[in-house]
Structures are given as structure tokens and as C-alpha cells.
Amino acid sequence: MKKISLITASLLLAGNLVAEDNFESAIKTGTVSADVVLYGASESRKAGNTEEGFTSGSIGLAYETGSFNGFKAEVGFRANHDFSEQTDGFYDDTTKAILHTANISFANKYFEAKVGRQEIDLEWMGDFHEALVASTTAIPDTTVVLGFTNRIAVADADDALADFSKVNGDNGAYVLDAKYEGIEGLLVNPYYYDAPDLANWYGIKADYDTDMFGITAHGAKSSEDTSSDDGEILHFEARTELAGLAINAGYITTDKDVGVGSISDLGDNISPFEDGNQVYGADADTTYLGLGYEISGFELAALYGQTKYVNDKEKELNLAVDYGISENLAVGALFVDVDAQDSDDDYNRVSLTVEYTF
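Please read these numbers as outputs of a predicted model, since none were measured by experiment.

Rules and cut-offs
- Residues numbered from 1 in each chain as written.
- Predicted model: local features only at pLDDT ≥ 70, side-chain atom pairs only at ≥ 80, totals over all residues.
- Heavy atoms only, no water.
- Patch = residues over 30% accessible without salt bridge, like charges linked within 9 Å, V, L, I, M, F, W, Y side chains within 5 Å.
- Areas by Shrake-Rupley, 256 points an atom, 1.4 Å probe, with all protein chains shown as cover.
- Salt bridge = Lys/Arg side-chain N within 4 Å of Asp/Glu carboxyl O.
- Lys, Arg positive; Asp, Glu negative; His and termini not counted.
- Charge placed at Lys NZ, Arg CZ, Asp CG, Glu CD.
- Helix = DSSP H or I, 4+ residues; strand = E, 2+ residues; numbered from the N terminus.
- Buried < 20%, exposed > 50% of the residue type's maximum accessible area, 1.4 Å probe, protein only.
- Core = buried A, V, L, I, M, F, W, Y, C linked by side-chain atoms within 4.5 Å.
- Contact = heavy atoms within 4.5 Å.

Novice: What is the right way to read a negative patch on the surface from this model?
Specialist: There is a patch of like negative charges on the surface, built from Glu119, Asp121, Asp127, Asp156, Asp158, Asp159 and Glu274. Inspection of the secondary structure assignment puts Asp156 in the loop between strand E7 (142-154) and strand E8 (162-166). Take Asp156: its relative accessible area is 34%, and that puts it in the partly exposed class.

If you want it as C-alpha cells, here you go:
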């Protein structure tokens, strides 16, 4: 018995050592990523002939462990600091640093779950959330996502940080999202969101892309609990490429009375504009045309469109250029011009970004 006990103890100890070694290996083989961003923007507004703007620096740092029996941990933060302001007070009382990522995940061949602070990129759920999100690929050619969020934050390198705040009071919001890719070139994405006592919204998006062209058709509708008017949005886009020139054109329309309603409360992916102030508003019809071209390492992009809404109209022009100096260092410039219905609301903005990643 003593011999058997020693063997058993040895096996248990060996198992513990292996487990410990695997855990230490998961920590040691983790990956670290970071970025340093310098950003400057200047905005001119016609009303009062005013100038606003700032220059800032941002540091982002993230770490993800290796896998340990399917488990991983991830942590990340961003800190922003303003160096100068054209208008004093622009950065006053804003969050200077935020722990935007802190989660534990588990994954196997068909299933993945993540709990904690995490970045989410779904049609109507974006930025960083305190959430529980699970996904499965058990159904052939299909990914199904089920999630719950109760807090949301924004952690951009080119703006003031927005710390985590409650989603829908204490009620949070649920999402069920499915993507089917069983037909070559076709992606079909139905989804359903429920924010208790606020609204639920649902929709379907279809993308079809070939080597020659691509099209998108997307529609969503809400059922509002706090209003008798429900939100709605429809989006259509066509795209192609001619001699290296990428071209896309689209049309977006919203409900006559309340626009998208609560649909965009957790994030959005439809508006193509940098600002798009009226795209999701009531009775808004938006048309746009975009061009993109790459030459000698420079990525050039132009977007122009207009939104007609409630007998008013707003036009927006975006011009962008990005250049990768090296594998880790890139610079970008952006010009935004907004021509509003009331000329006093006209403005334009120029911004420059320098980013180093490692």
C-alpha cells in the first residue's frame, strides 16, 4: 500500500508540476502590444468665427496570456494627455486613463466565451463593454454570438476618453447575432437586441462580393417601450474597383418621425462619414460617393455626401491620406468640411496623426 501510495503521490505531484509549468508557460508566452500616438486637430466654425482644437498624446498597452487548458486572460489600458488647447477647458474634467480591457476567456474548437471588459464590434454594439459574450461555430458555415452588456466606454487615441457608464440604467442589453457564410461571396447577418424597458431592435444585413463588384443591403427596425414611434433604417451600397480606383456609392434612409430611435445607443457601423451629424436623425435621406486609391505607399480616400432631413440639408466632405513610413510608424491627415443648412453651423476640421506601434 505504501508503494502504491508513493506512486500515486508521485503521479499527482507530476501532474501538479505539469499544470504549474503549463500555467507559467502561458504567462511567459503571452503577447504584449503597445502604441504611442501624437494627435492634433484644429476646427474652424463660422458662428462667431471661432477656432477650437488641441494637441494630445496617447499611450496604449495591452497584454494577452498564452492558452492554459483553453483559458486566456487579457488586460489593456489607454492614457491620453493634452499638450495644448486653442480653447481652454476642452480637456477639463475628462478621464485621463482607462483600463478598457480586463477579461478571462475560454475557447475550444467550436465554442468561445469571454467575460469582463472587452472590445466588441457588432453592427449595433461597438467600443468597449463590461460584458459576457459567447460564440459558437458548431453550425456549419455559421457563427452565432450571444451576449449581455451592462457598461460601455470609449477609449480612442484621438479624443478625450469616456469612462465606463451604465447601459440602459441597471438593465443592460442583450444581443443575439448570427453570420452565415455558406455561399461563396455571400455573408448574411441577422440579429436581435433587447434593452429591457427601453426597446428591442432587430434587422438583417447581406453582403455579396466578387472580384468585380460588391453590394450591401441592410435593414433594421426598433420596437420602442418609451415611445409610440419606432425607429427604422435602411442602407444600400454598391462598390467596385477600376484600374486600382476603389469606388463605393450608397443610400441611407431613416424613419420619418424618430429616425433610428434607440438602435444606435450601443454603437453603429452604417454611417460612412467622419461626423455624419444628421444621418440617424428623423426623416433623414443620405446619399454618398467614396473614392480610394493607393500610390507609392500613400492611401488616398475621398468621401462626399449629403443628408436631407425634415426640410433641411447638410453636406459633408472627408479627405484622408495615410502613409506607412515603416512597419511600425505611420502618419495620417484628415480634412472634414461640413456645410449645414444654417450657414452659422458650417465648420471644417484638419487633423494630423502620428502613430508608432510595437
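Novice: Explain unusual backbone geometry to me, please; I cannot follow it from the model alone.
Specialist: In most cases, non-glycine residues show a negative phi, while peptide bonds are predominantly trans. Backbone geometry at Asp141 places phi at a positive 65 degrees, although glycine is not the residue there. Turning to its location among the elements, Asp141 is positioned in the loop between strand E6 (128-136) and E7. For Ala243, which is not glycine, the phi torsion reads 50 degrees and is therefore positive. Structurally, Ala243 can be placed in the loop between strand E13 (232-242) and strand E14 (245-254). The exposure class assigned to Ala243 is exposed, which follows from its relative accessible area of 80%.

Novice: What am I meant to see in the nonpolar core here?
Specialist: Where a protein is soluble and globular, its nonpolar side chains tend to be buried together. The biggest cluster of nonpolar side chains holds 28 residues, and the ones touching the most others in it are Leu122, Trp124, Met125, Tyr193, Trp201, Ile233 and Tyr280. Top element by residues in this core is strand E10 (residues 186-195). It accounts for 3 residues. When neighbours within four sequence positions are excluded, Leu122 is seen to be in contact with Val145, Val175, Asp177, Lys179, Tyr193 and Asn269. One finds Phe128, Ala153, Ala155 and Phe164 within the second-largest nonpolar core, a separate group that totals 6 residues.

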